[in-house]
Amino acid sequence: LAGHGVEARAATNMNAVRDTMDVLLEISRILNTGLDRETLSICVRLCEQGINLEALSSVIKELRKVTEALKAAENMTADFLEKF
C-alpha cells in the first residue's frame, strides 16, 4: 500500500507538470514566440537550472537569424540550379 501512495503522488505530479507545460505553451503561442513544446520544455529546464534568461533569449534570437539566413541561401541555390 505504501508504494501505491508514492505512485499516486508521482502521477499527480506528472499531471501537474503536464498542465503547467500546457499553460506555458499556450502563453508562448499567444506571445507568438515560435517555440514548440519540446523547445519550450528545454527552455524551462534551463531556467530551472539557473541560466540567465536574457542570454537564453539572445541565443534563441541568434539561432533564428542563422536559420533564416541558411534557408534563404538554400532557396537561392535551388533557384539558381533550376535555371540550368
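Residues numbered from 1 in each chain as written. Predicted model: local features only at pLDDT ≥ 70, side-chain atom pairs only at ≥ 80, totals over all residues. Heavy atoms only, no water.

Asker: Before we move on, could you go through the layout of surface pockets and cite the residues and values that matter?
Answerer: The calculated volume of the largest pocket comes to roughly 330 Å³. If you go around the largest pocket, you meet 16 residues; those closest to its centre are Thr33, Leu35, Leu40, Cys43 and Ile60. Those elements giving two or more residues to the lining of the largest pocket turn out to be α1 (2-30), α2 (37-48) and α3 (53-82). No other element matches the six residues that α3 contributes to the lining of the largest pocket. A class-by-class count of the residues in the lining of the largest pocket yields eleven nonpolar, three polar and two charged. (1 Å grid on protein atoms, 1.4 Å probe; cavity = no way out; pocket = protein on both sides within 12 Å on 5 of 7 lines; lining within 4 Å. Points joined across faces, edges and corners; volume = space filled by probe spheres on them. Helix = DSSP H or I, 4+ residues; strand = E, 2+ residues; numbered from the N terminus. Nonpolar A, V, L, I, M, F, W, Y, C, P; charged D, E, K, R; others polar.)

Asker: Could you give an account of the pattern of salt bridges, with specific residues and numbers?
Answerer: This model, assessed by the stated rule, comprises one salt bridge. With a shortest N-O distance of 2.5 Å, Arg37 and Asp22 are connected by a salt bridge. Placement of Arg37 in helix α2 and of Asp22 in helix α1 is noted, with a sequence separation of 15 residues between them. (Salt bridge = Lys/Arg side-chain N within 4 Å of Asp/Glu carboxyl O.)

Asker: Could you give me a rundown of the side chain of Ser28, with the residues and numbers involved?
Answerer: With respect to the helices and strands, Ser28 occurs in helix α1. Residues contacting Ser28, with those up to four places away along its chain left out, are Thr33, Leu35 and Leu40. (Contact = heavy atoms within 4.5 Å.)

Asker: Go over α2, please, and point to the residues and values.
Answerer: In a regular helix each residue adds 1.5 Å, so twelve residues correspond to 16 Å; α2 covers 16 Å between its end C-alpha atoms and thus fits that length. Taken from the residues just after α2, Gly50 is the one with a positive phi, measuring 95°. (Expected span 1.5 Å × (residues − 1).)

Asker: An account of the packing of α2 against α3 is requested, with residue identities and associated values reported.
Answerer: Interhelical geometry of α2 versus α3 gives an angle of 150° and a closest axis separation of 10 Å. Accordingly, the angle class assigned to the pair α2 and α3 is roughly antiparallel. Note on packing geometry: the crossing formed by α2 with α3 is right-handed. Contacts from Cys43, Leu46 and Cys47 in α2 reach Leu53, Leu56 and Ile60 in α3. Looking at the contact of α2 with α3 residue by residue, the classes come out as six nonpolar, no polar and no charged. (Axes fitted to C-alpha atoms, helices over the stretch in contact; angles between N-to-C directions. Parallel < 35°, antiparallel > 145°, perpendicular 65-115°, else oblique. Left-handed = near helix turned anticlockwise from the far one by under 90°.)

Asker: I'd love a proper account of the nonpolar core, names of residues and values included.
Answerer: Core analysis: the largest hydrophobic core is formed by seven residues, namely Met21, Leu25, Leu35, Leu40, Cys43, Leu56 and Ile60. Secondary structure elements with two or more residues in this core: α1, α2 and α3. (Core = buried A, V, L, I, M, F, W, Y, C linked by side-chain atoms within 4.5 Å. Buried < 20%, exposed > 50% of the residue type's maximum accessible area, 1.4 Å probe, protein only.)

Asker: Describe the confidence of the model for the protein chain, and please don't skip the residues or the numbers.
Answerer: Averaged over all residues, the pLDDT of the protein chain is 90; the fraction at 70 or higher stands at 96%. Across the protein chain, the secondary-structure element scoring lowest on mean pLDDT is α1, at 88, and the one scoring highest is α2, at 94. (pLDDT = per-residue confidence, 0-100.)

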